[in-house]
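These are the residues of each chain, in order.
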Amino acid sequence: MSKADLHIHTTASDGRSTPRQILENADKHNLEIISITDHDTIRGYQKAAKIADEYDVRLLPGVEITSDFNGRECHLLAYCFDPNHPKIKQLIAQHYKSRLARAKWIVNELSKQGLEVDIEEVKAEANGSNIGRPHIAAVLIDKGYVASFKEAFIRYLSDQSLGTIYNQYYSHHEVIAAVKEAGGAIVVAHPGNLYSDEELNELVTAGIDGIEFIHPSHDYSRQKQVEEFADDHTLLKTGGSDFHGGDKEYQKFFGVVTINTKYVHRLLRMTDQRKAINV
C-alpha cells in the first residue's frame, strides 16, 4: 500500500521537528505523500517546499485552521490551496493576531489563579512561531507550576479548565469560503467525539469537502463511524498521525497512522477541478 500522512506539525507552530526533519522522517518511513499542517501558519510548509526535491516524498500545501464554530473552536484542515492567494494570506495574518490575543487572555486567566506568567515569556518560548497552548504549558513547566505538559493541560489549559475560551478567529463559513476561493479542499480535523451528528451535518451544509477519519484518537469503532458518515455524505476522506514530535502524545504514530494514497488522489482530482473553475 502506498502511504500518505496528511496531518503533521513542525516548529512553525507547536511541533518539535523542523520541516527538514519531517521530510527526512517521511523518506525514512517510505511515505509517498505528506502535508505539513501547522496551526494557522504555512511557514513550515513553505520552508519544506524549498527543499522537498531533495527527498523522495511529495509535499502538498496544508494548514490546520482554527475557526469559530458557534462560539467554540473548530479545527479545519486545508489542502492543495494556492499559498500565495490573497485570501489565504489575509486569513493567516489575521489568525496570527488572533492566536496572540487568545494567549494573552489565557495568561490573564492564569494570573487570576495566582500563576505568574508573562506573555513575553510565552512569545519567547514560541520563538517566532504561532503561539499555542503548548507554549504556555512549557512556561508553566519551566516555572515549576506543573511537572509535565499533561499536568499543565489537565489543571490549567484544557477547555474544561478554561471554560469558554476567548477567540477572534474567522467563522467556519469564512474559512471554508477562503480556502475554496484559493482552490483548496477543506476537511474537518479529528472529529472523534468532538461533534454530534447534528453538528457534523451543519458543517456539511456549510460546505466542507471532507472529514478526517483516520487519526490516533479514533479507535476502530469511531473510525468506522466517521468513515460511514463520510460515505453517506459523499465527502473526501483523509487522515494522518497528527505528529508533533518531542514528548507529544502522538509522536509514536508517525509512519504508522497513515492513509492509502488513493484517498489523496481523490482530493487532488477535486482541487484540480476547483482551480480550473476558479481561473
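Placed above this text is the structure.
Values in this document were obtained by computation on a predicted structure and should not be read as measured data.

Cut-off values and rules
Residues numbered from 1 in each chain as written. Predicted model: local features only at pLDDT ≥ 70, side-chain atom pairs only at ≥ 80, totals over all residues. Heavy atoms only, no water. Salt bridge = Lys/Arg side-chain N within 4 Å of Asp/Glu carboxyl O. Helix = DSSP H or I, 4+ residues; strand = E, 2+ residues; numbered from the N terminus. Buried < 20%, exposed > 50% of the residue type's maximum accessible area, 1.4 Å probe, protein only. Contact = heavy atoms within 4.5 Å. Core = buried A, V, L, I, M, F, W, Y, C linked by side-chain atoms within 4.5 Å. Arc of directions from axis to C-beta. Pairing = 2+ DSSP bridges. Right-handed = clockwise from strand over helix to strand, strands pointing away.

**Looking at the pattern of salt bridges**
Here is step 1 of the chain: Following the criterion strictly, the structure yields 15 salt bridges and no others.
Here is step 2 of the chain: The residue Glu227 makes a salt bridge to Lys224 at a minimum N-O spacing of 3.4 Å. Here the residue Glu227 and the residue Lys224 both occupy positions in helix α10 (residues 220-232), the gap between them amounting to 3 residues, near one helical turn.
Here is step 3 of the chain: Of the residues examined, Glu227 reaches a relative accessible area of 13% and is grouped as buried.
Here is step 4 of the chain: Members of the salt-bridge network, linked through shared partners, are Glu73, Arg102, Arg133 and Asp159.

**Details of the environment of Tyr195**
Here is step 1 of the chain: In this fold, Tyr195 is placed in the loop between β6 (185-188) and α9 (197-206).
Here is step 2 of the chain: With a relative accessible area of 7%, Tyr195 lands in the buried category.
Here is step 3 of the chain: Considered as a pair, Tyr195 and Ser241 are 46 residues apart in the sequence and their alpha carbons are 20 Å apart.
Here is step 4 of the chain: Not counting chain neighbours up to four residues away, the residues in contact with Tyr195 comprise Phe69, Arg72, Glu73, Cys74, His75, Val188, Ala189, Leu200 and Arg222.

**Details of the nonpolar core**
Here is step 1 of the chain: Grouped together as the largest cluster of nonpolar side chains are 49 residues, with contacts concentrated most on Val175, Ile211, Ile259 and Val264.
Here is step 2 of the chain: In contact with Ile259, other than residues within four places in its own chain, are Met1, Ser2, Lys3, Ala4, Leu6, Phe213, Ile214, Thr238, Gly239 and Val264.
Here is step 3 of the chain: Residues Val117, Leu140, Leu157 and Ile165 belong to the second largest nonpolar core, which totals 24 residues.

**Some remarks on helix α8 (residues 172-181)**
Here is step 1 of the chain: Of the residues making up α8, those classed as buried are His172, Val175, Ile176, Ala178 and Val179. On an axial view of α8, the arc spanned by its buried residues comes to 165°, and they lie on one face.
Here is step 2 of the chain: The inward-facing, buried residues of α8 contact β4 (62-69), β5 (72-79), α3 (86-112), β6 and α9.
Here is step 3 of the chain: Directly beyond the C-terminal end of α8, a positive phi value near 85° is found at Gly183.

**Section: the pairing of strand β1 (residues 3-8)**
Here is step 1 of the chain: In terms of residue burial, β1 counts as a mostly covered element, since 5 of its 6 residues are buried.
Here is step 2 of the chain: Of the pairings in the sheet, the one linking β1 to strand β2 (residues 31-36) comprises 4 bridges and is parallel in character. Of the residues in β2, the one forming a bridge with Asp5 is Ile34.
Here is step 3 of the chain: Where the polypeptide runs from β1 across helix α1 (residues 19-28) and back to β2, its parallel neighbour, the crossover connection is right-handed.
Here is step 4 of the chain: Judged from the 2 bridges that link them, β1 and strand β9 (residues 259-260) form a sheet pairing that is antiparallel.

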